[in-house]
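Listed here are the chains, written in short residue letters.
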Amino acid sequence: MTQESTTMESERHVFQADVARLLHLMVHSIYSERDIFLRELISNAADACEKLRYEANSNPSLLGEGESFAIRVILNAENGTLAVEDNGVGMAREDLTTALGTIANSGTRVFLEKMTASGKGAAELIGQFGIGFYSAFMVADRVVVETRRAGEDVAWRWSSDGKGEFEISPLALEDAPRHGSRVVLHLNEDSKAYLEPGRVESIIGEHSSAVATPIDLLDTPTAEPRRLSEGAALWTKPKSEITEEQYREFYQELSGQFDSPALTVHWRAEGRAEYAVLAFVPGSRPFDLFDPARKGRTKLYSRRVLISRDSDLLPGYLRFVRLVVDSPDLPLNVSREMVQESPLFAAIKKGVTNRLLQELGKLAEMDREKFLTIWKNFGAVIKEGLYEDPERRDPLLKMARFATTTSQDGTRTLADYVSALRPNQTAIYYLVGENAERIAASPQLEGFRARGIEVLLLSDPVDAFWVQTAAGVDGKPFKSATQGAADIKTVELLDGAKKPDEPASAFADLISRAKETLATVVEDVRISDRLSESLACLVAPEFGPDLRLQQILAAHGQSAMDMKPVLEINPAHPLVISLETLMKRSESELFEDAVWLIFDEARLLDGAPPNDASAFAARLTRILSKALAT
Ligand code: ADP
Ligand code: MG
C-alpha cells in the first residue's frame, strides 16, 4: 500500500484488510495472554542481532570496535512507555512497510479462522503463525518503532495505533540507535502493570531466558542496566549443566510453541565432521504440519553465528523436529546454497537423521506410551519416509504403529502383527481408506475376521503408496485385502464362522450371467472367500492397483490407471439362492436389475456413488414396486 511521494516526508499507509481485523481480534479477544507480547518483541530483537552478527562477518565495518550485542528493556513510568531496544540489524524503509505493514504470511487467514473458531490459546497460535510483532497492540494504544539499518545513514520512525493505519517519517540520526531498533509501546490503561520492574523481570524470566542474546532491564530510562539473562547458547554447554527447565525454555523459544518437548536429544559429534546438535520433538502438532512448502525450524550455526534458519538439514518426513546445529567447520562467508552443497553439510545431514531415528526407535522400545504420543502427532509424517527413504525403511517400519482389526486404537506394531499370524497365513494384509472405523466396517474384511486374520487399517494418504513399494516383514509381503484372490482359504475358519452350504462350482451359471450383465463395468465376477456376512463386495483385479489407491489417484486427476474392479459374491448368503431361482425362471429384467443393484450396493459400501444414479433409481423403484405389490 505504498503511496507515491518523496521519501523525506511523513506518509500515511493503510494496513492490509486482514491486518486490521486481526489487530481488532487480538486486542479484544485474547486478553488473558497478553504477557507474551514481551517474548515476541524480545525474540524479534534477538533475531535482528543474529542477522547483524552474520552480516558483520563479511562486512566487519557494520559493527563498532568491541561492540557486543544486547537487548534492553526500558521502563518509563512517567511517560507510561515500555521500550525494547536492540543493536541488531535495524530496518530500512522498505522493511517497515513490508515487514511491519503487512502480515506477509499465507497463514494469516487460517490464523483468523482458528482464532475465532477454536478455544485454543492465542499464545500458542501467535508463535505458530509468525505474527508476533502485532501482539504489541494487545497492551499498547500506540506503537512507535525508531530504527536504523546497519550500514545506512538514514533512520525512520514508524508509528501506528493499530487501528488500520501506520505512518512512516524520517528520523534525525541523533534520535535513532546507531544501528538497530527501538520499539516503544505506549501502554494502554489496562496495561500499566508492565511498568513494574518486578513484573517485567518475571515475565522475561519465564518466557525469554533461553534467548541467545543477553537481556538487560532498565527500571527507569536513566537507571543502571540490570542483566536478566546472559544469552548463553545452550547447545554449547555440557548436558550435565542443563536442567530440564532450561531445555524446555529453549525449545519454546526455538519452536514458538508453548508446550513441552516430547523428546529432547542433545549430542556432540566428533571425528571428521564436528558439530553440536540440540533437537526437539514437539509435544503437540503445529498447524502447518502437512504443508510441504513450510520447512522445519532448523537453525544452522557456525561458532554461534546463525547461518540459516530453514536449512534442509532434515528429510521431509522429519520436518516436525526443531533443532539447532552448530559446526565450527562450516564456511561462513559463502552463500547459504553453497553451504548446503558442501560435503560437510551432507555428512551432518546424514548423521543427524540417523541419530534422530535411532533415538525415536529407542524410545519406541523403551517407553511405548511416550512414543505413542509422538506417533499420534507425527506418525502420518514419519510414514512418508517409508516411501521417500527406502534406505531407512527398516527402522521406520519397526517403530511404525497401526490400527488393525485386532486393535483399532493405533498401537499395534508389525512385530505384534507377525507374532499373531494364523497358521498358513502367507501375507500381511491391509486395507486402505479414509478412516480406521470406516475401513473396519468394509465387507472385504469379513472373511479375514472369520479366519482370525488381522488386517492393518491404513487411513493416512501416504499409506496407499508405501505399501506398494515396501518388501514386507519376516518374508511376508504386504497385500491389500481388496486385491486379487484373497488366498486365505487355506487358513482355517474360527469356530462358529459360517461355511458356505454349496460348493462354489454350483454357481457357475449364475456367475457367468452376472458377468454378462455387468460386462461394461467389471473385470470379472466371482465367488468370494473374503465375505461371510455381506452379499457382495468389489476388489481389485489380481495385478491391478489397490482400489483405494485408484480412488486417491482419481481424486488428484490421475485416472491413467483406471481399471475395472472385480465383483465378488458371497455364496453363503441366502439371496444368492434366490438369485439363482430367479435366473432359472428366466425373468431376465428382474434378474438384471438385481445384479446391477448388487453391484451399486458394493460401490456404495466402498464410498463411491452408484455407477449411474438415474438408472440406479429406476431399478430400485421397479424392484420396490414389485416387492410392495405382493
Ligand atoms: P516474525 O518474527 O515471525 O517474522 P513478527 O511479526 O514478529 O514475525 O515480525 C515481522 C518482521 O518484522 C520480522 O520478520 C522482521 O523482519 C521485522 N522486525 C520486527 N522486529 C524487528 C527488529 N527489532 N529489528 C529488525 N527487524 C524487525
Ligand atoms: Mg517475531
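Report on the accompanying structure.

The rules we used
- Residues numbered from 1 in each chain as written.
- Chains lettered and ligands numbered in written order.
- Predicted model: local features only at pLDDT ≥ 70, side-chain atom pairs only at ≥ 80, totals over all residues.
- Heavy atoms only, no water.
- Helix = DSSP H or I, 4+ residues; strand = E, 2+ residues; numbered from the N terminus.
- Buried < 20%, exposed > 50% of the residue type's maximum accessible area, 1.4 Å probe, protein only.
- Contact = heavy atoms within 4.5 Å.
- Areas by Shrake-Rupley, 256 points an atom, 1.4 Å probe, with all protein chains shown as cover.
- Axes fitted to C-alpha atoms, helices over the stretch in contact; angles between N-to-C directions.
- Parallel < 35°, antiparallel > 145°, perpendicular 65-115°, else oblique.
- Left-handed = near helix turned anticlockwise from the far one by under 90°.
- Pairing = 2+ DSSP bridges.
- Arc of directions from axis to C-beta.
- Nonpolar A, V, L, I, M, F, W, Y, C, P; charged D, E, K, R; others polar.
- Core = buried A, V, L, I, M, F, W, Y, C linked by side-chain atoms within 4.5 Å.
- Domains from an automatic or database assignment.
- Salt bridge = Lys/Arg side-chain N within 4 Å of Asp/Glu carboxyl O.
- Patch = residues over 30% accessible without salt bridge, like charges linked within 9 Å, V, L, I, M, F, W, Y side chains within 5 Å.

**What about the overall build of the chain?**
When you go through the chain residue by residue, the secondary structure sums to 21 helices and 21 strands. Expressed as a percentage of its 630 residues, the buried residues of the chain come to 53%. Sequence separation of 24 or more characterises 72% of the internal contacts of the chain that already satisfy a separation of 6 or more. Total accessible area on the chain is roughly 28,700 Å²; 50% of this is exposed by carbon and sulfur atoms.

**Considering the packing of helix α9 (residues 343-366) against helix α10 (residues 368-382)**
Contact geometry for α9 and α10: axes closest at 6 Å, N-to-C directions at 130 degrees. Taken together, the axes of α9 and α10 lie oblique to each other. Crossing hand, α9 versus α10: left-handed. Note on element contacts: α10 touches α9 through Arg368, Lys370, Phe371 and Ile374, opposite Leu360, Leu363, Ala364 and Met366.

**Side note on the pairing of strand β6 (residues 165-171)**
The sheet contact formed by strand β5 (residues 155-160) and β6 spans 6 bridges and is antiparallel. Across the sheet, residue arginine 157 finds its bridge partner in β6, namely serine 169. Hairpin connection between β5 and β6: a loop of 4 residues separates the two successive antiparallel strands, and glycine 162 in this loop has a positive phi of roughly 70 degrees.

**Some thoughts on the side chain of serine 208**
Mapped onto the elements of the fold, serine 208 is located in the loop between α6 (197-207) and β8 (215-218). By relative accessible area, serine 208 is classed as buried at 2%. With residues near it in sequence (within four places) discarded, serine 208 still touches Arg39, Ile42, Ile203 and Ile215.

**Regarding the pairing of strand β19 (residues 524-527)**
Burial along β19 is one-sided: Val525 and Ile527 are buried, and none of Asp524 and Arg526, which face the opposite way, are. With 4 bridges joining them, β19 and strand β21 (residues 566-569) adopt parallel strand pairing. The partner of aspartate 524 across the bridge, within β21, is valine 566.

**Thoughts on the sheet that holds strand β18 (residues 478-480)**
The sheet built from 4 strands is open, its strands ordered β15-β17-β16-β18 with mixed pairing. The outermost strands of the open sheet, each flanked by one partner alone, are β15 (403-404) and β18. Note that strand β16 (residues 428-432) and β18 share 3 bridges and pair parallel. Paired with tyrosine 429 across the two strands is lysine 479, which belongs to β18.

**Regarding helix α19 (residues 574-584)**
Taken together, the buried positions of α19 are Val576, Leu579, Glu580, Leu582 and Met583. Along the axis of α19, the buried residues cluster in a sector spanning 160 degrees; they form a single face. α19 presents Pro574 and Lys584 as exposed residues on the side facing more than 90 degrees away from its buried surface. Its buried side turned inward, α19 meets α17 (508-517), β21 and α20 (588-605). Positioned one or two residues after α19, serine 586 has a phi angle of 45 degrees, which is positive.

**A short note on the packing of α20 against helix α21 (residues 613-629)**
For the pair α20 and α21, the least separation of the axes is 10 Å and the interaxial angle reads 125 degrees. One way to sum up the angle between α20 and α21 is to call them oblique. α21 is crossed by α20, and the crossing has left-handed handedness. Contacts between α20 and α21 involve Glu589, Leu590, Asp593, Ala594, Trp596, Leu597, Asp600 and Leu604 from the first element and Phe616, Arg619, Leu620, Arg622, Ile623 and Lys626 from the second. Here the residues of the contact of α20 with α21 are counted per class, giving 8 nonpolar, no polar and 6 charged.

**A closer look at the nonpolar core**
Judged by nonpolar contacts, the single largest core of 75 residues is most densely connected at Val352, Trp466 and Phe478. Among the elements that make up this core, the one with the highest residue count is α9 (9 residues). When residues of this core are assigned to domains, at least three fall in each of domain 2 (234-374) and domain 3 (402-629). Setting aside residues up to four positions removed in sequence, tryptophan 466 forms contacts with Lys383, Leu386, Tyr387, Leu397, Phe402, Leu458 and Phe478.

**Details of the pattern of salt bridges**
Tallying each qualifying case throughout the model produces 28 salt bridges. Between glutamate 146 and arginine 157 there is a salt bridge, and its shortest N-O distance comes to 3.9 Å. Residue glutamate 146 is found in strand β4 (residues 140-148), and its partner arginine 157 is found in strand β5; the two are separated by 11 residues along the sequence. Assessed through its relative accessible area of 14%, glutamate 146 is described here as buried. The partner of arginine 248 in a salt bridge is glutamate 245, and the shortest N-O contact between them spans 2.9 Å. Residue arginine 248 and its partner glutamate 245 are located together in helix α7 (residues 244-255), separated by 3 residues, close to a single helical turn. Residues joined by salt bridges that share partners form a network here, namely Arg72, Glu85, Glu146, Arg157 and Arg182.

**Thoughts on a nonpolar patch on the surface**
Taken together, the side chains of Leu620, Leu624 and Leu628 present a nonpolar region at the surface, about 300 Å² in accessible area. Tracing the backbone through its elements, the reader meets leucine 628 in helix α21.

**Some remarks on unusual backbone geometry**
Of note, arginine 303 is a non-glycine position whose phi angle comes to about 45 degrees, a positive value. Here arginine 303 lies in the loop between β12 (298-302) and β13 (305-308). On the basis of relative accessible area, arginine 303 is assigned to the exposed category, the value being 59%. With a phi close to 75 degrees, asparagine 424 is a non-glycine residue in the positive phi region. Of note, asparagine 424 is situated in the loop between α13 (414-419) and β16. A relative accessible area of 51% places asparagine 424 in the exposed class.

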